[in-house]
Amino acid sequence: MSCLMVERCGAVAFKSWEQNAIQVRMLADGRLNTGHAGVLLAERRGSYPLIDLRILKTSAQQGEVETVTRRKVKRLLSFQRYCHASRLLRGLVPHTPRSLHLLDDDYLGQAAHMLSKVGTWNFDIFLFDRLTNGNSLVTLMCHLFNVYDLIHHFQLDMVKLNRFLGMVQEDYHSQNPYHNAVHAADVTQAMYCYLKEPKLAEHLSPLDVFLGLMAAAAHDVDHPGVNQPFLIKTRHHLASLYQNTSVLESHHWRSTVGMLRESGLLSHLPADMSRDIEQRLGSLILATDINRQNEFLMTFREHLDNQDLDLQLASHRHFILQIALKCADICNPCRVWELSRQWSERVCEEFYRQGDLEKKFDLEISPLCNQQSDSVPAIQIGFISYIVEPLFEEWHRFTEPSLLSQTMLDHLHKNKANWSSLRCAHTPSDVQSHSQAEEPEGEVGEGSDIP
Ligand SMILES: [Zn+2]
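In this text the structure is predicted, and so the values were computed from the model without any measurement.

**Here's the deal with the overall build of the protein chain**
Then, in step 1: When helices and strands are tallied, the protein chain shows 19 helices and zero strands.
Then, in step 2: Considering only intrachain contacts with a sequence separation of at least 6, the fraction spanning at least 24 residues in the protein chain is 77%.

Below is the structure:
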């Protein structure tokens, strides 16, 4: 297939993705925001292990037993980690309130050194995750809560905070190539960089910062590794629970509320304040639904054209937090190539796994999920052109003058050029071995002024 054909396929796939989203949104006109009588329903944790293949395969009892056992083992390990963390905390907290708490001694120095540069755009979250023994999300969040003094400000109980963060991290599926706890940590790190933007930082209240970081950390929790159309066409119970609209995002939010309540993290706050926090977390997490991209982009563009954003207003700050979280969620193509490429390969691997599952069960293969025809470079070029570039151009307008935004756009353009070189260098069938994709000549590894 020629380069042109691949690009056209990519464009069609992204357009049909959007059309499908519009249809789904129209079908579910009466959106499900809160439960009956305005009472916010929390989902029970662990209610939805992976994707429930019993809907596709009836003889899955064995698998069910294995899943339960695996969960029990995970919980036990989590408890041991929790005890270990508590011991460390008792020793460290009084002396070094702004330091790192939860690391194994061997890697403490290296990980702590990395944390001293957590606000730089070339932060290597994969390395950080290895140095923290798979605890990047908990470690990063504890550090950032200390940086912003949120524990003191909200009078948070450290044991409850660690319990909550441990639950969030544990409920990400480590077997997902992309939607796992490292992605959550990556989004949180990006969010931190955006919260530091001078245009925004001086206006943010401690509650804004708290919500921004919490939403980033939990925004994909318990992601099953398949997308909404898959859940709808397999009649998954989550799809009917959320009326086919923002199915995954609603699940991430309700699960987060469940964990907040189970951990008791906010139980000392007045009831109306913790309810408000739950609602605002929902509004942030639901904004990450990629099907609502145009809605947010148009509103953002309108505000910038009219120059009417007033960050003294809590509602405007909340809107910018929604945009910041959306940017953080899709910022992979704005990272330095070596990191960006790893994320691209991971997300495509997750798409292909869904495609394989659809093929196996005689379902129509979803757009972008066919490894035979949807190459990694073509998917990335479509994603960058239709989703990432338009949003980051507006973010650049908002943050101007911003060295970080300029750096991100520079990376974005370079990475797009790299994918174009790779797309033309390989036929789609060659790209099956995408993990060994060659570096395009002269396009990568160039030094850049990363803030
Ligand atoms: Zn995400």
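**Quick look at the UniProt feature "active site" (unreviewed entry) in the protein chain**
Then, in step 1: Sites flagged by UniProt as "active site" (unreviewed entry) map to His179.
Then, in step 2: Tracing the backbone through its elements, the reader meets His179 in the loop between α7 (158-171) and α8 (181-195).
Then, in step 3: For His179, a count of 23 C-beta atoms within 10 Å gives the class buried.
Then, in step 4: The contacts of His179, once residues within four sequence positions are left out, are Asp220, His223, Gly225 and Glu350.

**As for the nonpolar core**
Then, in step 1: Among the nonpolar cores identified, the biggest contains 88 residues, and Leu137, Met141, Met191 and Ala328 are the most heavily contacted of them.
Then, in step 2: No other element matches the eleven residues that α8 contributes to this core.
Then, in step 3: Residues within four places of Ala328 in sequence aside, it is in contact with Val187, Ala190, Met191, Tyr194 and Ala216.
Then, in step 4: Counting residues in each nonpolar core, the second largest holds eight residues, with Val226, Phe230, Leu238 and Ala239 among its members.

**Points about the UniProt feature "binding site: AMP" (unreviewed entry) in the protein chain**
Then, in step 1: The positions UniProt marks with the feature "binding site: AMP" (unreviewed entry) are His179, Asn180, Ala181, Val182, His183, Asp220, Asp329 and Gln380.
Then, in step 2: Here Asn180 lies in the loop between α7 and α8.
Then, in step 3: In contact with Asn180, other than residues within four places in its own chain, are Tyr172, His173 and Ser174.

**Regarding α7**
Then, in step 1: With 14 residues, α7 extends 20 Å between its outermost C-alpha atoms, agreeing within 8% with the 20 Å of an ideal straight helix rising 1.5 Å per residue.
Then, in step 2: Most of α7 sits inside the fold, with eleven of its 14 residues counted as buried.
Then, in step 3: Those residues of α7 that sit buried are Leu161, Asn162, Arg163, Phe164, Leu165, Gly166, Met167, Val168, Gln169, Glu170 and Asp171.

**A closer look at the environment of Ala378**
Then, in step 1: Mapped onto the secondary structure, Ala378 falls in helix α18 (residues 376-399).
Then, in step 2: Judged by the 28 C-beta atoms lying within 10 Å of it, Ala378 is buried.
Then, in step 3: When the C-alpha atoms of Ala378 and Arg423 are compared, they prove to be 6.5 Å apart, with 45 residues separating the residues in sequence.

**A short note on the environment of Val226**
Then, in step 1: Note that Val226 resides in the loop between α10 (206-218) and α11 (228-233).
Then, in step 2: Taking the C-beta count within 10 Å as the criterion, Val226 has 23 such neighbours and is therefore assigned buried.

**Considering the confidence of the model for the protein chain**
Then, in step 1: Averaged over all residues, the pLDDT of the protein chain equals 81, while 71% of them reach at least 70.
Then, in step 2: Segment residues 430-438 is flagged for pLDDT under 50; beyond a separation of four residues in sequence, or across chains, it makes eleven contacts in the model.

**Let's talk about unusual backbone geometry**
Then, in step 1: Look at the link from Glu400 to Pro401: it is a cis peptide, with omega at -5°.
Then, in step 2: Relative to the helices and strands, Pro401 is located in the loop between α18 and α19 (403-425).
Then, in step 3: A positive phi angle is found at Asn133, which is not glycine, with a value near 55°.
Then, in step 4: Locating Asn133 in the fold gives a position in the loop between α4 (125-131) and α5 (136-147).
Then, in step 5: Residue Asn133 is classed as partly exposed on the basis of its C-beta count, with 15 C-beta atoms lying within 10 Å.
Then, in step 6: Unlike most non-glycine residues, Asn244 shows phi in positive territory, near 60°.

**Re the packing of helix α14 (residues 271-286) against helix α16 (residues 314-329)**
Then, in step 1: The contact between α14 and α16 brings their axes to 8 Å, and the two run at 45°. With respect to their mutual orientation, α14 and α16 come out oblique. Considering how the two elements wind past one another, α14 and α16 form a crossing that is right-handed. Note on element contacts: α16 touches α14 through His318, Leu321, Gln322 and Leu325, opposite Arg280, Ser283 and Leu284.
Then, in step 2: Among the residues forming the contact of α14 with α16, the class breakdown is three nonpolar, three polar and one charged.

Rules used throughout
Residues numbered from 1 in each chain as written. Predicted model: local features only at pLDDT ≥ 70, side-chain atom pairs only at ≥ 80, totals over all residues. Helix = DSSP H or I, 4+ residues; strand = E, 2+ residues; numbered from the N terminus. Contact = placed C-beta atoms within 7 Å. UniProt positions renumbered as here; feature names shortened; annotations may be inferred. Buried ≥ 20, exposed ≤ 12 C-beta atoms within 10 Å, placed from the backbone. Core = buried A, V, L, I, M, F, W, Y, C linked by C-beta atoms within 7 Å. Expected span 1.5 Å × (residues − 1). pLDDT = per-residue confidence, 0-100. Axes fitted to C-alpha atoms, helices over the stretch in contact; angles between N-to-C directions. Parallel < 35°, antiparallel > 145°, perpendicular 65-115°, else oblique. Left-handed = near helix turned anticlockwise from the far one by under 90°. Nonpolar A, V, L, I, M, F, W, Y, C, P; charged D, E, K, R; others polar.

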